[in-house]
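Notes for the structure review
The chain contents come next:
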Amino acid sequence: MTDVPPSTARRPDPTRRLADWLRSRPLVLAVFVIAALTMAASAYQNAQGRADSAPAPAATSPVDDCATRDACAREAGDGLRSPGPAGETPADAPATLSPGSSQAPSPPGTSTPHATGDARTPGTGPRAWPHVTSGDRGETVAAIQLLLTAHGYRTPPDAVYGPETTSQVTVYQRDRSLTDDGITGPDTWHALTVTVRPGDRGPAVTAAQRLLAAHGHPVPANGVFGEETAQAVTAFQTARALAPDGVVGPDTWSALVNLEQP
């Protein structure tokens, strides 16, 4: 028998070798099958998605829905007014003030009432602030001088509204963006007064103590809000139909600085 040279011997088919190899490893075969099925399903879903999607409608202007521009204007007028640019308020919108802010300026030709209120503080009815100007004297003037000092505008509390006090009030008003006329009116009172309570110390406490004494509730003007001052404040508030909390807030300041009231 003649031997077949190695070069001419029939070699095994690679496909058959791969099939035999996969049959001997069923787990690998299962992985290949699952991967092929997953790819086929993904391709089918992508094809379906492209076929089902429709082109988006072109955006239309709100004006195109109206027959005329006048009709659109009337429609807009029947609903809520659209806000203007940022920071702009309609001219006919009522002005509002944040708690503790100074009184907003009135339109030209209108008078500004002196009575004001503050929902943060207890009390009944509006507060009235006196107008104090150059040449005035008394404990109300001394209170202004002490309150100026409490804000860092040192003014001697001599109870005389002279040139020095007028100058300090003017500077204080200018620094607070108020009308710098040197007259202590409602807006300036709002900016000057500070709430004082038991435990506080300083010129503002001294101002309250001097005003209490002027109203017939004598307490030492020592700048210390102690028990004696708290009792005097409570008695004064009770007499003026204010909330007797022993704290000198805006309502109590307003009643204290109006020395002409009974």
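Residues numbered from 1 in each chain as written. Predicted model: local features only at pLDDT ≥ 70, side-chain atom pairs only at ≥ 80, totals over all residues. Heavy atoms only, no water.

In this structure the tally under the stated criterion is two salt bridges. Close ionic contact of R210 with E139 constitutes a salt bridge, the shortest N to O distance being 2.8 Å. Here the residue R210 occupies a position in helix α7 (residues 203–214), and E139 occupies one in helix α4 (residues 139–150), the gap between them amounting to 71 residues. A salt bridge links R174 to D180; its shortest N-O distance comes to 3.2 Å. (Salt bridge = Lys/Arg side-chain N within 4 Å of Asp/Glu carboxyl O. Helix = DSSP H or I, 4+ residues; strand = E, 2+ residues; numbered from the N terminus.)

This brings us to the environment of D187. Considering the arrangement of structural elements, one finds D187 in helix α6 (residues 186–192). As for D187 and W129, which are separated by 58 residues in sequence, their C-alpha atoms are 8.9 Å apart.

A word on the nonpolar core. Residues I144, V248 and W253 are the most contacted members of the largest nonpolar core, which totals 33 residues. Of all the secondary-structure elements, those providing two or more residues to this core are α4, α5 (163–175), α6, α7, α8 (227–239) and α9 (250–257). If sequence neighbours within four positions are ignored, W253 has contacts with W129, L147, T193, V194, T195, V196, A204, A207, A208, L211 and V248. (Core = buried A, V, L, I, M, F, W, Y, C linked by side-chain atoms within 4.5 Å. Buried < 20%, exposed > 50% of the residue type's maximum accessible area, 1.4 Å probe, protein only. Contact = heavy atoms within 4.5 Å.)

What follows is about α5. End to end, α5 covers 18 Å across 13 residues, agreeing with the expected 18 Å (1.5 Å per residue, within 8%). Listed as buried for α5 are T165, T166, Q168, V169, T170, Y172 and Q173. Those residues of α5 that are buried lie in contact with α4 and α6. Looking one or two residues beyond α5, the residue adopting positive phi is S177, at roughly 60°. (Expected span 1.5 Å × (residues − 1).)

The next subject is the packing of aromatic side chains. The full count for this structure, using the stated rule, is two aromatic pairs. Taking 5.8 Å as the distance between ring centres and 20° as the angle between the ring planes, the aromatic pair formed by W129 and W189 counts as stacked. Remark: W189 occurs in helix α6 and W129 occurs in the loop between β2 (127–128) and α4; sequence separation between them is 60 residues. One exposure class covers both W129 and W189, and it is buried. Ring centres of Y153 and Y172 lie 5.2 Å apart, and the angle between their planes is 90°; on these two criteria the pair is classed as edge-to-face. You can see Y153 sitting in the loop between α4 and α5 and its partner Y172 sitting in helix α5, a full 19 residues away along the chain. With a relative accessible area of 13%, Y153 lands in the buried category. (Phe/Tyr/Trp six-rings, centres within 6.5 Å; stacked < 30°, edge-to-face > 60°.)

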